[in-house]
Amino acid sequence: SAFIPSVNMENVSPRYRYIQSATISVHPNKSETIYILDIRGTSAVNSISGTATLYKEDASGNYVKIDSEKLSFQGGTVDYTGHLASSGSGNYKIEFVGTIYTSSGNESVTFRNFGSY
């Protein structure tokens, strides 16, 4: 199946010093949840690492953690498709919390988006 990443300006706000663009999309289904992380760092970026965490909205409107995975990438470009658990129909949130590493300093980043099925 082909997935079209949903673009949400929230993904790139606030603006980051070492990130030119970044999107994350989430595509839950009955058997698993697929997410797509796309990061374009500046030429100064040596590596990117962090954790992608999947949440599902409960009956009270709170997002409860379902699954997560640690990620590490060399260089400043990320094109990653991840596979996490699924927990039935409903509203999901994906969040990537990471660190951008450069020779002149590091930067913390957070990107998130929402999806449902």
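Residues numbered from 1 in each chain as written. Predicted model: local features only at pLDDT ≥ 70, side-chain atom pairs only at ≥ 80, totals over all residues. Heavy atoms only, no water.

1. Quick word on the sheet that holds strand E2 (residues 33-41)
Hydrogen bonds between backbone groups are what pair the strands of a sheet, and the pairing can be parallel or antiparallel. An order of E1-E2-E5 is seen for the three strands of this open sheet, with the pairing classed as antiparallel. Each having just a single partner strand, strand E1 (19-28) and strand E5 (77-84) make up the two edges of the open sheet. Averaged over all pairs of adjacent strands, the angle between strand axes in this sheet comes to 10 degrees, irrespective of strand direction. (Pairing = 2+ DSSP bridges. Helix = DSSP H or I, 4+ residues; strand = E, 2+ residues; numbered from the N terminus. Axes fitted to C-alpha atoms, helices over the stretch in contact; angles between N-to-C directions.)

2. Looking at the side chain of Thr-102
Tracing the backbone shows Thr-102 in strand E6 (residues 91-102). Among the polar contacts made by the side chain of Thr-102, one reaches the main-chain amide nitrogen of Ser-104 at a distance of 3.2 Å. Looking at Thr-102, its side chain comes within polar contact range of the main-chain oxygen of Gly-105, at 2.5 Å. With residues near it in sequence (within four places) discarded, Thr-102 still touches Tyr-18, Ala-44, Val-45 and Asn-46. (Polar contact = N/O pair within 3.5 Å; in protein donor to acceptor, adjacent residues only side chain to side chain. Contact = heavy atoms within 4.5 Å.)

3. Some remarks on the pairing of E2
Of all the nine residues making up E2, seven are buried; the element is thus mostly covered by neighbouring parts of the structure. The hairpin turn running from E1 into E2, its antiparallel successor, is four residues long. Here eight bridges tie E2 to E5, and the two strands are oriented antiparallel to one another. The residue bridging Leu-37 from the neighbouring strand is Tyr-80, located in E5. (Buried < 20%, exposed > 50% of the residue type's maximum accessible area, 1.4 Å probe, protein only.)

4. Some thoughts on the packing of aromatic side chains
In this structure the tally under the stated criterion is six aromatic pairs. On the basis of an interplanar angle of 25 degrees and a centroid distance of 6.5 Å, the ring pair of Tyr-92 and Tyr-117 is categorised as stacked. A residue pair is termed long-range when its members are at least 10 positions apart, and Tyr-92 in strand E6 and Tyr-117 in the segment after strand E7 (105-116) qualify at 25 residues. A relative accessible area of 0% places Tyr-92 in the buried class. Given a relative accessible area of 35%, Tyr-117 falls into the partly exposed group. One aromatic cluster is present, built from ring pairs that chain together Tyr-16, Phe-96 and Phe-111. If you follow Lys-93 out to its NZ or CZ, it ends over the ring of Tyr-55, 4.9 Å from the centre. (Phe/Tyr/Trp six-rings, centres within 6.5 Å; stacked < 30°, edge-to-face > 60°. Lys NZ or Arg CZ within 6 Å of the ring centre and 35° of its normal.)

5. Side note on the confidence of the model for the protein
For the protein, the average pLDDT comes to 90, and 88% of its residues sit at 70 or higher. Residue range residues 1-13 is modelled with pLDDT below 50. Its contacts to residues more than four positions away, or to other chains, number 23 contacts. (pLDDT = per-residue confidence, 0-100.)

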